[in-house]
Amino acid sequence: MAQALDTLKAADRAADPITPAERTARRKALLNWIAVHSLGVAAALFFVLPFVFLLLTSLMSDQQALTRDLWPHPFEWSNYKKVFDTPGFLTWWKNTLLYAGLGTVLTVVSSLPVAYALAKFRFRGRHLSLMLVISMMMLPPQVVVIPMYLFWAKQLDMSGTLWPLIIPMAFGDAFSIFLLRQFLLTIPNEYLDAAKVDGCGELRTLLKVVVPMARPGIAAVALFQFFYAWNDYFGPQIYASENPAAWTLSYGLESFKGAHHTDWNLTMAATVLVMAPVILVFFFAQKAFVEGVTLTGVKG
């Protein structure tokens, strides 16, 4: 009998080669990981759970959304179709894509040459120009909203459109210029000197050498500008509020919420549709975004 028990114990040890000491070590390693990352996990839950609640509520019926239920039964995917069928919603989408997309392109194209000049050129007044750029960053847009509105609405008669918000982006953005300038400082001058020795002018050097090396910084600036334009509420409210055909998603969502103030499921579905593109863009471009922000400001 004793021999049979010894045989069974030997078989169990053979089937489970992990020793008690190894189990204890793994348990300690797991507890250490939880202790080290507990704040990170808590912060992640703090940011993720509201979005999960938003998504689940958007899939509820109008009656269930007013109850304490946390899980939709059944899933009302038709809520998103109802939102898309709302008059003007697709127009808000088109206007937002125009504002965010064209504005981002204009900002990058106009800010990059200025940042290149401030980072690599040596000319009298360079530091004063940089101080002016930084001063513009400190100037709140609300300070100049009245003279800007009078200029665009009264003199150029562009009220009720998004062009007063898009056209100024073709003349550079202070924050984008400063961010790109800080990133371009990290590019060694030897690369630029080698390009000039090969016969490249300043414009060709910018396009052939600087732009490929500055892609992370350009991506970071583009994402910052895209997110700003996509979520901008103040600008469309000032210039486009009188014309519903020129509304963007951020401003139209306020009108949608007012019209469906008791239909929380539809309001949440509309909010998800407004947030989804920004989340997807950041998800696919986060590597370039993080790299660009991390490398910016290495040199002063």
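Structure shown above.
Treat the numbers as computed from the prediction; the structure is a model and nothing was measured.

What follows covers the packing of helix α9 (residues 189-197) against helix α10 (residues 202-213). Each pair of packed helices gets described by two things: the angle between the helix axes and the distance between those axes. Orientation of α9 relative to α10, taken along the N-to-C sense of each, is 140°, at an axis distance of 10 Å. Classed by the angle they form, the pair α9 and α10 counts as oblique. With respect to the hand of their crossing, α9 and α10 are arranged in right-handed fashion. Contacts between α9 and α10 involve Tyr191, Leu192, Ala195 and Lys196 from the first element and Glu202, Thr205, Val209, Val210 and Met213 from the second. Here the residues of the contact of α9 with α10 sort into six nonpolar, one polar and two charged.

Ranked by internal contacts, the top residues of the largest apolar core, which has 35 residues, are Val83, Phe89, Tyr99, Trp230 and Leu249. Mapped by element, the contributors of at least two residues to this core are α3 (78-84), α4 (89-120), α7 (163-166), α11 (215-231), α13 (249-259) and α14 (264-295). Considering each element in turn, this core owes the most residues, eight residues, to α14. When sequence neighbours within four positions are dropped, the list of residues in contact with Trp230 reads Trp93, Thr96, Leu97, Ala100, Leu249, Ser250, Val274, Pro277 and Val278. One finds Val133, Ala174, Phe183 and Leu206 within the second-largest nonpolar core, a separate group that totals 25 residues.

All right, on to a nonpolar patch on the surface then. Together, Leu30, Leu31, Trp33, Ile34, Val41, Leu45, Phe46, Phe47, Val48, Leu49 and Val52 line one region of the surface with nonpolar side chains, adding up to about 1,100 Å² of accessible area. Locating Trp33 in the fold gives a position in helix α2 (residues 20-58). Among the residues examined, Trp33 registers a relative accessible area of 48% and is labelled partly exposed.

Rules of the game
Numbering of residues starts from 1 in each chain and follows the order in which that chain's sequence is written. This being a predicted model, a pLDDT of at least 70 is required before a residue's local features are given, and a value of 80 or more before pairs of side-chain atoms are given or counted; all residues contribute to the totals for chains, interfaces and linings. Just so you know, side-chain values use all the structure's heavy atoms and leave hydrogens and water out. Here the axes come from fitting lines to C-alpha atoms, over the contacting stretch only for helices, and the angles between their N-to-C directions go from 0 to 180 degrees. Under the scheme used here, helices are H or I runs from DSSP no shorter than 4 residues and strands are E runs no shorter than 2 residues, and both carry numbers assigned from the N terminus. Should an angle lie under 35 degrees it is considered roughly parallel, over 145 roughly antiparallel, and from 65 to 115 roughly perpendicular; all remaining angles are considered oblique. Left-handed is the label given to a crossing in which the near helix is rotated counterclockwise from the far helix by less than a right angle, and right-handed is the label when the rotation is clockwise. Two residues qualify as a contact provided that any one of their heavy atoms is within 4.5 Å of a heavy atom in the partner residue. Gly is placed with the polar residues, together with every amino acid not listed as nonpolar (Ala, Val, Leu, Ile, Met, Phe, Trp, Tyr, Cys and Pro) or charged (Asp, Glu, Lys and Arg). Among buried residues, those of type Ala, Val, Leu, Ile, Met, Phe, Trp, Tyr and Cys that are joined through side-chain atoms within 4.5 Å constitute a nonpolar core. Exposure classes here rest on a 1.4 Å probe applied to the protein chains alone. A residue is buried below 20% of its type maximum, exposed above 50%, and partly exposed in between. What makes a patch is a set of residues exposed beyond 30% relative accessible area and free of salt bridges, joined within 9 Å when like-charged and within 5 Å when nonpolar (Val, Leu, Ile, Met, Phe, Trp, Tyr). Using a 1.4 Å probe, the Shrake-Rupley method yields the accessible areas, and only the shown protein chains count as cover for residues. One side-chain nitrogen of Lys or Arg within 4 Å of one carboxyl oxygen of Asp or Glu is enough to make a salt bridge.

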